[in-house]
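Results of the structural survey
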Amino acid sequence: MTLRRQIVAAACTALLAAFAPAAFAQGAFPSKPIRIIIPYAPGGTTDIVGRRMGQRLSEILGQPVVVENRTGANTAIGAEAVAKAPADGYTLLFTNDATFVLNPVLFPTLPYNVQRDFVPVAPVTYVALALVVSGDTPAKDLKELVAYAKGGKMAYGSFGSGSQPHLMGEMFKKLSNTDIVHVPYKGAGPAVTDVMGKQILFTFPAFPTIQGHLASGKLKVLAVSGDKRVPLVPNVPTFTEAGFKDMDMGAWYAFLAPAGTPRDVVARLNATVNTILADKDFVEKNMTSQGMVPMTTTPEQMGALIRSETERMDSFVKKSGAKVE
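Before going into details, it helps to say that this report is about the structure given with it. Counting restarts for each chain, with residues numbered from 1 along the sequence as it is written. Reporting in this predicted model follows two pLDDT cut-offs: at least 70 for local features of residues, and 80 or more for side-chain atom pairs to be given and counted; totals over whole chains, interfaces and linings ignore these cut-offs and use all residues. By convention in this description, side-chain values take in all heavy atoms of the structure and omit both hydrogens and water.

**A short note on the pattern of salt bridges**
- The working definition used for a salt bridge is a side-chain nitrogen of Lys or Arg within 4 Å of a carboxyl oxygen of Asp or Glu. Under the definition given, this model contains 14 salt bridges.
- Here D279 ties to R56 by a salt bridge, and the two come within 3.9 Å at their closest N and O atoms. Taken together, the positions of D279 in the loop between α10 (263-277) and α11 (280-286) and R56 in helix α2 (residues 45-61) put the pair 223 residues apart, joining distant regions of the chain.
- Classification of D279 as partly exposed rests on a relative accessible area of 28%. Helix numbering and strand numbering both begin at the N terminus, where a helix is a DSSP run of H or I of at least 4 residues and a strand a DSSP run of E of at least 2. Buried means the residue's accessible area, taken with a 1.4 Å probe over protein chains only, is under 20% of the maximum for its type, while exposed means over 50%, and partly exposed covers the values in between.

**Side note on the packing of helix α4 (residues 97-106) against helix α12 (residues 299-320)**
- Only the stretch in contact is used when a helix axis is fitted, and all axes are lines through C-alpha atoms; the angle between N-to-C directions ranges over 0 to 180 degrees. Between α4 and α12, whose axes approach to 9 Å, the crossing angle comes to 45°. Classified by the interaxial angle, the pair formed by α4 and α12 is oblique. Crossing handedness for the pair α4 and α12: right-handed. Contact with α4, carried on its side by F100, V101, L102, V105 and L106, involves I306, E309, T310, M313, D314 and V317 of α12 and no other residues of that element.
- Of the residues belonging to the contact of α4 with α12, the class tally is eight nonpolar, one polar and two charged. Any angle from 65 to 115 degrees is called roughly perpendicular, while one under 35 is roughly parallel, one over 145 is roughly antiparallel, and all others are oblique. Should the near helix be turned anticlockwise from the far one by less than a right angle, the crossing is left-handed, and should it be turned clockwise, the crossing is right-handed. Here, residues are in contact when the closest pair of their heavy atoms is within 4.5 Å. Under the scheme applied, nonpolar residues are Ala, Val, Leu, Ile, Met, Phe, Trp, Tyr, Cys and Pro; charged residues are Asp, Glu, Lys and Arg; polar residues are all the others, including Gly.

**Thoughts on unusual backbone geometry**
- Each neighbour pair has its own omega, and for F29 with P30 the value is -5°, a cis peptide bond.
- Looking at where P30 falls in the secondary structure, it is placed in the loop between α1 (3-13) and β1 (34-38).
- In this structure, A73 is a non-glycine residue whose phi angle is positive, near 55°.
- Mapping A73 onto the fold places it in the loop between β2 (65-69) and α3 (76-83).
- A positive phi angle, close to 55°, is found at N177, a residue other than glycine.
- With a relative accessible area of 65%, N177 lands in the exposed category.

Below is the structure:
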């Protein structure tokens with residue numbers, strides 16, 4: 001089953017969970033501020049979505065929600081901090097699947113173990129990734145980009161060694177037979193800034209990071225991941241349509257908590273996230289209008305998705321030949 005089909009199936013089977021918070025209304029949790037750790041730099045999609053979700057969680061749960069960016073070591077620093085936090089639901093990790101799917105595939109040793117140190121809380125959204133170049137780059141499509149990249153020493157940016165953009169960039173190198181250099185960043189924001197400044201040729205951000213830059217013409221999209229075109233850029237082909245099927249990779253974002261967090265607390269948090277995602281106005285303003293698909297499911301279904309995606313990404317990594325740095 002494809003990731004997109006799993007998302008749809010999970011959303012359908014978990015729809016009733018969106019109305020579950022009332023069952024926990026009499027419980028003690030939460031009774032103090034909640035901290036969300038985001039292992040990426042400010043300005044990227046993970047940071048943007050995490051902060052929006054944090055604000056709504058605060059409004060619904062009636063407690064302050066503090067967002068903290070802890071970058072470094074391919075998200076491992078932030079992940080380790082959450083893994084070692086008290087298992088009480090007051091410290092959460094909000095990140096994308098690079099942390100809990102790709103890192104375990106790519107790195108032989110990590111300071112955390114996804115299965116041992118975390119419990120899934122709730123996925124939030126899936127988003128297509130776009131190959132973007134500066135607005136005045138001569139290339140108009142991927143074939144022209146290949147020719148342009150072969151014309152001199154070029155570099156592409158990722159959000160860290162082992163991130164989705166790193167793997168996609170290495171697949172691009174393999175498919176196009178170009179000698180393009182990988183430059184890892186601490187998040188999408190800095191990488192996008194350097195694309196606009198022409199320090200690097202391209203990167204693969206999600207749309208919330210680049211929407212304003214597309215409108216201003218500072219960036220342009222040459223291809224998008226997924227099996228359908230993105231409504232925000234309807235004239236831009238998918239990687240498959242452009243003849244680069246093997247580059248297709250999206251990203252999904254989720255909350256996790258330290259292992260041992262009480263089941264009723266996890267259930268309360270999951271139900272609250274699903275309530276937010278049942279708000280059509282919030283979803284339209286913060287997700288679908290920016291190329292994202294909301295995901296609502298149970299913690300158990302999220303755990304199954306992590307396991308299946310880990311197997312799929314293991315195959316992708318071997319095919320791309322990507323090596324972590």
